[in-house]
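If you want the building blocks of each chain, they are given just below.
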Amino acid sequence: DGGITQSPKYLFRKEGQNVTLSCEQNLNHDAMYWYRQDPGQGLRLIYYSQIVNDFQKGDIAEGYSVSREKKESFPLTVTSAQKNPTAFYLCASSIRLSGNTIYFGEGSWLTVV
Amino acid sequence: GQSLEQPSEVTAVEGAIVQINCTYQTSGFYGLSWYQQHDGGAPTFLSYNALDGLEETGRFSSFLSRSDSYGYLLLQELQMKDSASYFCAVRASYNTDKLIFGTGTRLQVFP
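Here is what the cut-offs are and how they apply
Residues numbered from 1 in each chain as written. Chains lettered and ligands numbered in written order. Predicted model: local features only at pLDDT ≥ 70, side-chain atom pairs only at ≥ 80, totals over all residues. Heavy atoms only, no water. Helix = DSSP H or I, 4+ residues; strand = E, 2+ residues; numbered from the N terminus. Rg over C-alpha atoms; globule rule 2.2 N^0.38 Å. Buried < 20%, exposed > 50% of the residue type's maximum accessible area, 1.4 Å probe, protein only. Lys, Arg positive; Asp, Glu negative; His and termini not counted. Charge placed at Lys NZ, Arg CZ, Asp CG, Glu CD. Contact = heavy atoms within 4.5 Å. Buried area = accessible area lost by both parts, 1.4 Å probe. Salt bridge = Lys/Arg side-chain N within 4 Å of Asp/Glu carboxyl O. Polar contact = N/O pair within 3.5 Å; in protein donor to acceptor, adjacent residues only side chain to side chain. Nonpolar A, V, L, I, M, F, W, Y, C, P; charged D, E, K, R; others polar. Pairing = 2+ DSSP bridges. Axes fitted to C-alpha atoms, helices over the stretch in contact; angles between N-to-C directions.

Asker: What is the right way to look at the overall build of chain A in this model?
Answerer: Each helix and strand counted, chain A has zero helices and eleven strands in total. When the helices and strands of chain A are read in sequence order from the N terminus, they spell out β-β-β-β-β-β-β-β-β-β-β. Scaling as 2.2 N^0.38, a compact globule of 113 residues should have a C-alpha radius of gyration of about 13 Å, and chain A matches this with 13 Å. Taken along the three principal axes of its C-alpha coordinates, chain A extends 40 × 25 × 25 Å. Expressed as a percentage of the 113 residues in chain A, the buried residues total 50%. Averaging the coordinates of the 11 positive side-chain charges in chain A and doing the same for the 11 negative ones gives two points 5 Å apart.

Right, here's the structure in full:
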């Protein structure tokens, strides 16, 4: 079945450590996104990519980095520079310029201890 | 800035009808979408309005008035499984599909 796979589902990190969240899609979508969701909050855009080897900062990019070396993969690195990284992270994808639906993965819970 | 306003919480009983409103203020507008998210899960697409008027999909309908920067999601014949958070989202850019999300409305359906 086609879809978006995020891993790991749950991750604990010590302060000062970088961590990378994986996102893989087999929908053949051009565009991919990373959103952050805090408890009781909406979704805020971290980074997005419209095509391989290209990505753009979203509204809250500071302390995060991404790469888009392959169409199906868009990993997110949460660096030690991110001051409050504990959150639920959602990866999504869309057919580029569809103007309509974006599809989400099941999310990754990151807790900094 | 860009913002989407939604009520934080709505409650209703099974079988009832509920309306969740969304007002937006964005730099551009190329469509209003609605997403449903159950606790701990992924948001899933419900509906999309690019033009004014009502779109109906089964028990769910969505309305848009671009002149009022306003839309709503109407849920009919409520079921317990409809208890979830509902987000409106605006596509504000012409050349991307990135969405700006509202803060979400938590719907609780009681028996």
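Moving on, there is more to tell.
Asker: Can you walk me through the interface of chain B and chain A in this structure?
Answerer: How big an interface is tends to be reported as the loss of accessible area on association of its parts. If you look at the interface, chain B gives 20 residues, while chain A gives 26 residues. Overall, the association of chain B and chain A removes approximately 1,800 Å² of surface from exposure, summing both partners, and the carbon and sulfur fraction of that is 55%. When the buried area of chain B at its contact with chain A is split by residue, Asp97(B), Lys98(B) and Phe101(B) rank highest and sum to 30% of it. Remark: the boundary between chain B and chain A carries zero salt bridges. Where chain B meets chain A, there are three residue pairs in polar contact (both at pLDDT 80 or more). Broken down by element, the residue count for the side of chain B that touches chain A peaks at three residues, all from strand S4 (residues 32-37) of chain B. Of the residues in the side of chain B that touches chain A, the class split is nine nonpolar, eight polar and three charged.

Asker: Please clarify how the sheet that holds strand S7 (residues 64-66) of chain A should be interpreted in this entry.
Answerer: Paired through backbone hydrogen bonds, the strands of a sheet run either parallel or antiparallel to each other. Residue and element names in this part refer to chain A. Here we have four strands laid out as an open sheet, ordered S1-S3-S8-S7, and antiparallel in their pairing. Edge positions in the sheet fall to strand S1 (4-7) and S7, since each has one partner strand and no second. Adjacent strand axes in the sheet meet at a mean angle of 20° when their direction is disregarded. Relative to strand S3 (residues 19-25), S1 is paired through four bridges, and the arrangement is antiparallel. By the bridge assignment, threonine 5 is partnered in S3 with glutamate 24.

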